[in-house]
Structure formats: C-alpha cells, structure tokens
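Structural features, examined
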Amino acid sequence: MEKLVWLVVFMNSFTTFQAILELTGTHDTEGTWKSSITLPCVYGPSQDFVQQTVIWTLVRDQSPATVFRRDSSGDHILLSRYRGRVSMPNSRPGDVSLEIEKLEVRDSGHYTCKVTWRAQDKSLLTRERTTTVKVVKVAVTKPIVRPGPLGFTVPKGARTSLTCSAKGSPPITYRWFKGEPGGDTVLVSNHAVLMFDSLRTSDTGKYYCEAENRASSQVMQQSDAVQLTVRDLTKPATTVPSSENKANTTAKPASERDLITTALATGSDVRVPETHEVTAGHRRTGLPFYLIILIVVLCVAVVFVVVAVILCRRKTKEDNPYEVTYQNTRNDARRQTCSGVNGKCKYEEGKPTVKNNFMTQPVKENEYETISIKENNECKSLVNAMESEYEVRDIQ
C-alpha cells in the first residue's frame with residue numbers, strides 16, 4: 001500500500017515538473033530580409049531544477065550546425081556568419097529566445113531550442129522545440145509623405161520637414177524631388193527626411209519622393225506630389241481690383257467651400273483667409289475695438305477738463321468786483337462800477353453822500369434839533385473838501 005502511495009506522489013510530481021518545464025514558442029515564422037526576428041523559446045522556472053545549458057542549432061539542407069550555446073562559462077556564438085547578429089536576453093528567467101539581426105536569405109531553415117536542467121537528485125532533464133524560419137525579400141511599397149508639425153503651409157523663416165516613409169525589406173533608398181512626376185524636376189535630397197532650416201518664399205512648390213530597395217527585382221515607388229506653401233507674414237495679402245471696374249469695386253475672396261475642396265485635392269491644410277476689401281483710390285483700414293474705446297474715453301476726459309477750467313476762471317473773476325466813486329469839490333459824484341464778468345465798466349451818477357435818515361415813526365419834539373445839527377455837520381464836511389479823491393470799497 002505504501003509503495004502505491006509513493007508511486008502516485010512521484011507521478012504527480014513528474015507531471016507537475018513536465019508542465020513547468022515545457023518549452024513554448026511558434027512552429028513557423030517569417031522574417032523580412034535585412035530586418036530582425038525573434039525565435040521564441042520560454043519555460044516556467046522551478047526551484048527544483050537548475051538550468052545547465054541552452055543550445056540553438058540550425059538544420060539547413062539536412063546539415064545541422066550549432067549557432068549559439070549558453071552554459072556556466074557564458075554565451076558562445078559557434079557559427080562565424082552569425083557573429084555580431086545573434087543574442088539571447090538575460091532580463092527574464094526562463095526566457096531563452098534567440099534574436100537574429102540583419103537577416104539573410106540563407107538564414108532560412110529549422111532552428112531547434114534545446115534546454116537541459118539538473119534536478120536535486122543530480123539527474124538531467126532535456127527539452128527541445130523546433131521553429132521553422134523563412135526569410136523573404138519584400139518589395140518596397142508606395143511611400144507616404146508626412147509634413148512637420150506646422151503642416152504644409154508654413155510662415156517664412158520657420159523650420160519644418162517632409163518625411164518619406166515606405167515599407168519593405170531594408171535597406172530602402174529615398175530621394176526627394178521638387179516638381180511633379182513626369183515634369184521638370186530637381187533632385188533636392190537623398191535622405192528620407194527633407195529638412196528646411198529657414199524657409200524662403202522660393203521654397204514654395206510641389207515635392208515628391210521615391211523609395212527603392214534591393215528586392216529580387218529592382219522596384220522603385222513614387223509618392224504623390226504635395227504642395228508646400230511658404231507665407232510671407234510681413235506682406236499682407238490683398239486682392240487687386242479688375243481694370244474694368246476701377247471706379248468702385250470690391251474684390252470677393254474665395255468661399256470656404258472652394259478652399260476646402262482645393263485643400264482636399266492637394267492634401268494641404270485648410271486655412272480660410274481673411275476678407276480684404278479694396279476700393280479705388282484708397283484701401284479701407286479699421287482700428288481695433290479697444291483703441292476706439294480708449295480714444296472716446298480720452299476725448300470725454302479732455303472735454304471735462306476744459307469745462308472745469310472755464311468755470312474756475314469765471315468764478316474767480318466774479319468773486320472780486322469793485323466800485324469806484326469819484327468826488328469833487330462841487331459835491332457831485334459819479335460812480336464807476338466794474339465787474340470781472342465781461343470786463344466792462346458802467347458810469348452812473350452818484351447819490352449824495354448825505355444820508356436821509358427818514359423814519360416813519362413819529363419823533364419827539366426834542367429830537368428834531370439833534371437830527372438837524374447832525375445832518376448840517378455832515379454837509380459842511382462835504383462842502384469844505386478841497387481836492388478830489390477816489391474811494392474804493394468792496395460791494396457786499
């Protein structure tokens with residue numbers, strides 16, 4: 001009974017180890033000539049088994065050859081034509097995939113991944129997996145032109161680029177031309193990216209590229225021509241009126257619908273220009289709204305200041321009127337009154353300086369004599385005046 005239990009435990013452990021140490025990958029894969037490829041070979045690591053060796057072999061035309069070997073001493077490339085082109089990653093335990101760069105046609109064949117582990121009882125366990133590789137040459141596809149971040153319409157002096165991109169077996173050769181295919185063209189670059197460090201207006205025009213690789217047959221593909229437009233922002237675009245209507249005509253810009261249709265046909269960016277009205281004799285220009293508001297505010301402020309100054313000056317003159325009374329020895333007086341309002345003076349006959357203290361209330365008999373004596377003294381002082389004099393006093 002005990003032997004049967006131990007047998008069941010051993011079988012379960014063996015089945016578990018089989019599942020953990022099973023190699024996974026692909027049976028068939030296709031690589032592109034002059035490109036890179038990865039042949040997958042992965043297993044689940046176990047603490048009970050220690051990896052001893054990894055060997056990759058190639059069988060071509062029924063002739064096996066060891067390409068790569070990894071053991072306790074390190075990695076070894078045993079086939080000279082693979083040196084510098086094959087490697088095995090160390091980043092993830094259990095990953096023993098083989099990477100091949102710069103594929104050649106003769107790299108096609110059957111690649112076998114063989115891994116050996118050592119168990120705790122010093123026994124060895126080996127697993128293998130075979131992948132068939134076929135290296136093909138892919139002809140270059142029709143290239144596509146991609147503009148820089150600014151698009152196909154770029155301001156003068158800016159920096160931009162045009163990129164030609166095609167798929168196929170490397171190496172792919174690119175050439176840039178200015179013009180249209182089939183017409184007069186100029187070769188401008190032999191690189192995939194056409195750079196413009198500082199655009200000039202003369203750079204405006206159509207451009208296209210060619211892509212070519214060394215596939216089984218020499219294949220050359222051309223891209224569609226694209227329009228590159230360089231705008232000079234220092235010169236505003238204006239529309240010149242026709243000679244037939246020079247008197248008073250307005251040039252109408254192209255509609256947005258026509259611009260969008262043209263942009264879709266050429267593959268360029270859609271940009272709706274501003275409307276410019278041109279009339280005979282002069283061109284209309286408009287001020288920004290905030291400048292108009294500023295001018296109005298300043299005008300109102302100037303008006304208020306002028307009015308305030310005028311009112312202050314008028315008030316100052318009105319506060320200082322004066323009166324001049326002329327007297328002579330003949331007891332007649334002429335009064336000259338000047339006002340600061342209009343700068344004119346008025347002359348009027350002066351009233352006698354003798355005041356009439358007439359009172360409506362009755363007085364007593366003894367008061368008549370007192371009043372008469374007082375008035376006679378004042379008259380004598382006026383008559384005895386020997387020379388003329390001016391008297392100036394403020395008007396209340």
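Note that the structure is a prediction, hence the values are computed from the model and not measured.

Attention now moves to the overall build of the protein chain. Each helix and strand counted, the protein chain has four helices and 22 strands in total. Taking all 396 residues of the protein chain together, 26% fall into the buried category. The contacts in the protein chain between residues at least 6 apart in sequence include a share of 58% that link residues at least 24 apart.

Time to look at the confidence of the model for the protein chain. One rule of thumb: low pLDDT means the predicted coordinates there are not for detailed reading. With 61% of its residues at a pLDDT of 70 or more, the protein chain has an overall mean of 75. Segment residues 259-284: pLDDT under 50, and 35 contacts once partners within four positions in sequence are set aside and those in other chains are kept. A low-confidence stretch, residues 322-334 stays under pLDDT 50, and its non-local contacts, those more than four residues away or across chains, total 46 contacts.

Let us look at the nonpolar core. Counting residues in hydrophobic clusters, the biggest one holds 28 residues, and the most contacted among them are Leu39, Trp56, Val96, Ile100, Tyr111, Val115 and Trp117. Broken down by secondary-structure element, the contributors of at least two residues to this core are strand S2 (37-39), strand S3 (49-60), strand S4 (63-71), strand S7 (98-100), strand S8 (109-119) and strand S9 (124-136). If you tally residues by element for this core, the top one is S8, at five residues. Apart from residues lying up to four places away in sequence, Ile100 is in contact with Ser35, Ser36, Ile37, Leu39, Tyr82, Arg85, Val86, Asp107 and Tyr111. If you look at the next biggest cluster of nonpolar residues, it comprises 21 residues, including Val154, Tyr207, Cys209 and Val230.

As for its position among the elements, Glu30 is in strand S1 (residues 28-32). Its relative accessible area of 56% is what places Glu30 among the exposed residues. For the pair Glu30 and Thr132, spaced 102 residues apart in the sequence, the C-alpha separation amounts to 8.4 Å. With near-sequence residues (within four places) excluded, Glu30 lies in contact with Ile37, Lys134 and Val136.

With that settled, the discussion passes to the sheet that holds S2. Consider a sheet: its strands pair through backbone hydrogen bonds, and that pairing is either parallel or antiparallel. Strands sit in the order S2-S7-S6 across an open sheet of three strands; the sheet is antiparallel. Looking at which strands have only one partner, the edges of the open sheet turn out to be S2 and strand S6 (86-87).

Attention now goes to the environment of Lys142. Note that Lys142 resides in the loop between S9 and strand S10 (144-147). A relative accessible area of 44% means that Lys142 is categorised as partly exposed. Considering only alpha carbons, one finds Lys142 and Lys167, 25 residues apart in sequence, at a separation of 7.9 Å. There is a polar contact of 3.1 Å between the side chain of Lys142 and the side chain of Asp224.

Before going further, it helps to spend a moment on the state of the cysteines. In protein chemistry, a disulfide is the covalent bond that joins the sulfur atoms of two cysteines. Applying the stated rule across the entire model yields two disulfides. Here Cys41 engages in a disulfide with Cys113; their sulfurs sit 2.2 Å apart. Measuring the twist about the S-S bond at about -80°, one finds the Cys41-Cys113 disulfide to be left-handed. With a gap of 72 residues between them, Cys41 in the loop between S2 and S3 and Cys113 in strand S8 connect regions that are remote in the sequence. Cys113 matches Cys41 in its accessibility class, with the two residues each being buried. Covalently, Cys164 is tied to Cys209 through a disulfide, its sulfur atoms 2.0 Å apart. In this structure, the disulfide formed by Cys164 and Cys209 twists by about 70° around the S-S bond and is classed as right-handed. With Cys164 in strand S12 (residues 160-165) and Cys209 in strand S16 (residues 205-213), this residue pair connects regions lying 45 residues apart in the sequence. You'll find Cys164 and Cys209 in the same group, each marked buried.

Evaluation of the coordinates by the stated rule reveals ten salt bridges. With its nearest N and O atoms 3.1 Å apart, the salt bridge here joins Lys142 to Asp224. With Lys142 in the loop between S9 and S10 and Asp224 in the loop between strand S17 (219-222) and strand S18 (226-231), the pair connects residues that are 82 residues apart, well separated along the chain. With a relative accessible area of 52%, Asp224 lands in the exposed category. Its salt-bridge partner being Asp197, residue Arg159 comes within 2.6 Å of it at the nearest N-O pair.

Calculation criteria
Residues numbered from 1 in each chain as written. Predicted model: local features only at pLDDT ≥ 70, side-chain atom pairs only at ≥ 80, totals over all residues. Heavy atoms only, no water. Helix = DSSP H or I, 4+ residues; strand = E, 2+ residues; numbered from the N terminus. Buried < 20%, exposed > 50% of the residue type's maximum accessible area, 1.4 Å probe, protein only. Contact = heavy atoms within 4.5 Å. pLDDT = per-residue confidence, 0-100. Core = buried A, V, L, I, M, F, W, Y, C linked by side-chain atoms within 4.5 Å. Pairing = 2+ DSSP bridges. Polar contact = N/O pair within 3.5 Å; in protein donor to acceptor, adjacent residues only side chain to side chain. Disulfide = S-S within 2.5 Å. Salt bridge = Lys/Arg side-chain N within 4 Å of Asp/Glu carboxyl O.

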